[in-house]
Amino acid sequence: MKKILILCLTFFALATLSACGKEKDTPETGVERKLVVYMSGPENMINSLESTFESTAGDVLDITIYSCGQLRDKVWIESQSGEIEADIFFGSDPIIYNKLDNLNLLEPFTLTESNIVKDKYIIENHNYVIVVERYLTIMKTTDTNRLTTSPTSYADLGNSEYDSVFAMADASLSATAFAVASSFYEMSGFNMNLLNSLNDNNVILTKSNGSIPSGIIDGTFDLGIAPYDAFVRLSKNATKNDYELELEAIWPTEGTISLIRPVAIAKQEDRSDALTDVAKDFVDFLLSKQGQTIQFNSGFISVRSDINNSYLPAGVTVINIDWDYAAINEATFKSNYEDIFKN
Amino acid sequence: MASVVLIVLYPILHLLFQSFNDNGILNFSAYGDVFTDKHTYRALSNTIVLQAIVLLITWILGGTLAIIRVKTNYKHKKMIDVFVFLSLVIPPFIFATAMKLFLGNAGFLSRVYYHLNWDYHFNVYSFSSAAVCLSLHMYPFVYYGIKNRLLLIDEDVINSARTVGSSKLYLIFKVIIPMLMPAFISTGFLVIARTLANYSVSAELLLPIGTEVLTTRIYGSLSSLALNRTAVLSLFMVFLSVVVFIVSLWIEKRNKNREMSVSSNQEKPTINLGNFNNKLLFTILSILFFLITILPFITILFASFFKRWGLKFFTGFGEPLLWNHLSFGNYLILFKEGLIWTPLLNSFMYGGTAAIISAFIASVIVYLYNYRKGPISSLLLSISQLPITIPNIILAIASMIAWRTSPFNFYGTSTIIIITYIVLFTPICIKQIQSVSQNLDVAIFQAAKTMGASEWKIYFSIYLNQIRNGLFSGFLIVFLISFKEIPISLLLYTTNSKTLGVLLFAIQSNNYGLEMTSAVAVIVILISLIINLGLIFIKKGLKKYEQTTN
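Quick summary incoming for the structure in this document. Since we're looking at a predicted model, the values are computed, not measured. (Residues numbered from 1 in each chain as written. Chains lettered and ligands numbered in written order. Predicted model: local features only at pLDDT ≥ 70, side-chain atom pairs only at ≥ 80, totals over all residues. Heavy atoms only, no water.)

Another point: the overall build of chain B. Broken down by element type, chain B carries 24 helices and two strands. Since a compact globule built from 550 residues should have a radius of gyration of about 24 Å, the 25 Å found for chain B is in line with a globular shape. When the backbone C-alpha atoms are referred to their principal axes, chain B occupies close to 80 × 75 × 55 Å. Buried residues in chain B amount to 58% of all 550 residues. (Helix = DSSP H or I, 4+ residues; strand = E, 2+ residues; numbered from the N terminus. Rg over C-alpha atoms; globule rule 2.2 N^0.38 Å. Buried < 20%, exposed > 50% of the residue type's maximum accessible area, 1.4 Å probe, protein only.)

Here you go:
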């Protein structure tokens, strides 16, 4: 009986190990392997993008979903310890894309429908493209038992009634949060005053922006800064599941901070031209009307001129981040940020 | 055995190389950056304070319970064993989630306060919260260590003290506790090492208030895209862990020289509590276990049935009970939509495989060390034990860097997770097997050899049979740890290799809130319990079978 048990355990271990070795399976589409894709974003949207693309291209994508920060870390570690493992990566902020492109690690390509992309989204001199835009708003609970007033601007968030109930993502962990914090820095006239006032107001720091709307509904905090697309998805989810969403999005009087989500194809020595073409097809798909509509339905702003931006209310200013400035000053800014928020 | 050396040292050497690598240029600037940064020292001092608080709580709680369990005539001893075991099964991250659900801004307690028109001010994000969560998970280590030591204490020593008229308190503080010091020290170092390595609780309860410990600082440095600084911080943490480990070994050795006389399995109560004290203790322990084990579980169980945590309910903010806010929806999503199947299967396969291989490797290493004494076997034992000092997150970063270049390119496959688990688990299995093999009679092996048995025959037929209890407990412990392991899986997973730990840590996002984390937590706890009970059942069955066949 003991021998049988030992045999069974050995068989189990060997079976698992051999199964692990076969993970990089090949698709039935004539290319040598599936495309490895790292993406950040809502799971339903990514699944929808994958299934729609594969309905015509075949089973060619192997997508792993990460948070913006995770995606950024992973791609960077890979680039520094060899070759980037992903064929395509989509999400996070332009800083990482600029850095990788400066190291000549991104594959050059031209969009098939580049003429339909609005001018403001066209990136010149870099080997990546902007796929969608998202807007940051202040979100708050609608439960008046928890919060009786509403802020109208970012500056209001330093008011005492929001002491210990306001949350924002930690800029030292989240790429989007870094963008928010640098915008606050730029908005305050290139000083840390606004960030200092938030710290004095006992701001709660979260690992990612994505967890803020959820945290407000949960009651973990009462208000925070979060992307508007999350509000769109939560509203749809609440309608679908028949509950009242106790969440409200406020467009700040200073304007809404715009975040862009790029995509890039990593250079890889052993990738065939045929597979690189499939990668380019997928990027084209992300910017096609079909791909953009899927993302628009999840709350993101399309970069195409033939899809209306119906999410942005009239009169709201859009604040664009100076990514080049943010990249050059990232180390100094993060050091100042840590001096304020880290203890 | 060369493979053992390879899987342990190769990633660490890569980490060392990375610490000198500044975009392809060899320099030492990262060391200067890290050691001149005041935040490094702040994170270090926070880590030390956290360790001290956790150590104090676990010593008091675990030590007291062990003394009650072994040295008193308390009537409900089984109750202590059951609840301590349950605490061990609940991962610290789940304790943190339960704490947020119960004590948080919109937690159960705040809702009760609201109805009573009382102001509720409790900040769940604090040092004390993190310390409590870690302590609740780790006090069982102290409990088991002290309990085992108490069982070895020679009753004559205690009887002598009693004969000379020592009071009960004198007996406890001046006789029993001093004799328990070696156990307090060895379990204390385990608690210190585990607190140093913890990431999930610190990320959940300390990061929101900007308080950094070394593990969260390492994670933060990754986000700054400064891999060399991450490597330096990791090596610094490895250095600290190794120091802790060496000091613990030194103290253990020193105490061994001053060993008291011991006898085996003395479960004879020394302190008579009397009827009143027994009842009083039962009441106190019932309340304690309700607060630290049952309440967290009930909290997450209840929360897991919410369509959305935070919706108004009967103890809610002025709203009546709305039954339509409760449903099995979260479980249906997890099981019917298949969210849980792949992580569950992966955790089972990776944990099981790593546990089997680790137990096998550990048994060979201990065998060589004990019965083929020499510098090579000693070196092998030391190298294979090194990872016990390395926090999971650092093992993950080192693996990420090391296992992606030819000929060892496991990156992006689940093999990398299994290998990292093996590195992490082997020292745990070694500890378990060593504790059993210390009592083995060498003469049996010598006799077998004299009779012409081959080395493999001795190992398979005699040695493995003798150490089966150590093998089994090693397998059980590492299998359980793998089910709730977060940092390694979080950094190394891909689409196909998502584990339960990743699901637990990352499921709270735009679409899902604390209710879904709770549902996953309930499943993790129940599966851990089932596996535990199943394995205990198998062990008993095997024992029974052996008895009948003998």
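So that's the structure; there's more coming.
Taken as a whole and assessed by the stated rule, the structure comprises 47 aromatic pairs over all chains. Seen from their ring centres, Tyr199 of chain B and Tyr219 of chain B are 4.5 Å apart, and the 15° between their planes marks the pair as stacked. A residue pair is termed long-range when its members are at least 10 positions apart, and Tyr199 of chain B in the loop between α9 (168-197) and α10 (200-205) and Tyr219 of chain B in helix α11 (residues 214-223) qualify at 20 residues. For the pair Tyr199 of chain B and Tyr219 of chain B, one class covers both residues: buried. An angle of 45° between the planes, with centres 5.7 Å apart, marks the rings of Trp403 of chain B and Phe410 of chain B as tilted. According to the relative accessible area criterion, Trp403 of chain B is buried, its value standing at 1%. Since its relative accessible area comes to 24%, Phe410 of chain B is described here as partly exposed. These aromatic residues form a ring-pair network of at least three members: Phe360, Tyr367, Tyr371, Trp456, Tyr459, Phe460 and Tyr463 of chain B. The cationic tip of Lys99 of chain A hangs over the ring face of Trp76 of chain A; the distance from NZ or CZ to the ring centre is 5.4 Å. Its guanidinium or amino end placed over the ring of Tyr411 of chain B, Arg404 of chain B lies 4.7 Å from that ring's centre, counting from NZ or CZ. (Phe/Tyr/Trp six-rings, centres within 6.5 Å; stacked < 30°, edge-to-face > 60°. Lys NZ or Arg CZ within 6 Å of the ring centre and 35° of its normal.)

Glancing now at the pairing of strand β5 (residues 166-169) of chain A. In summary, the side chains of a regular strand alternate between the two faces of the sheet. Residues and elements named next belong to chain A. Of the two faces of β5, the one carrying Phe166 and Met168 and the one carrying Ala167 and Ala169 are both buried. Pairing between β5 and strand β7 (residues 223-227): two bridges, direction parallel. Across the sheet, the residue bridging to Phe166 is Leu223, located in β7. Across three bridges, β5 lies against strand β6 (residues 204-206) in parallel orientation. What sits directly across from Ala167, in β6, is Ile204. (Pairing = 2+ DSSP bridges.)

Coordinates in, geometry out; function isn't part of it.
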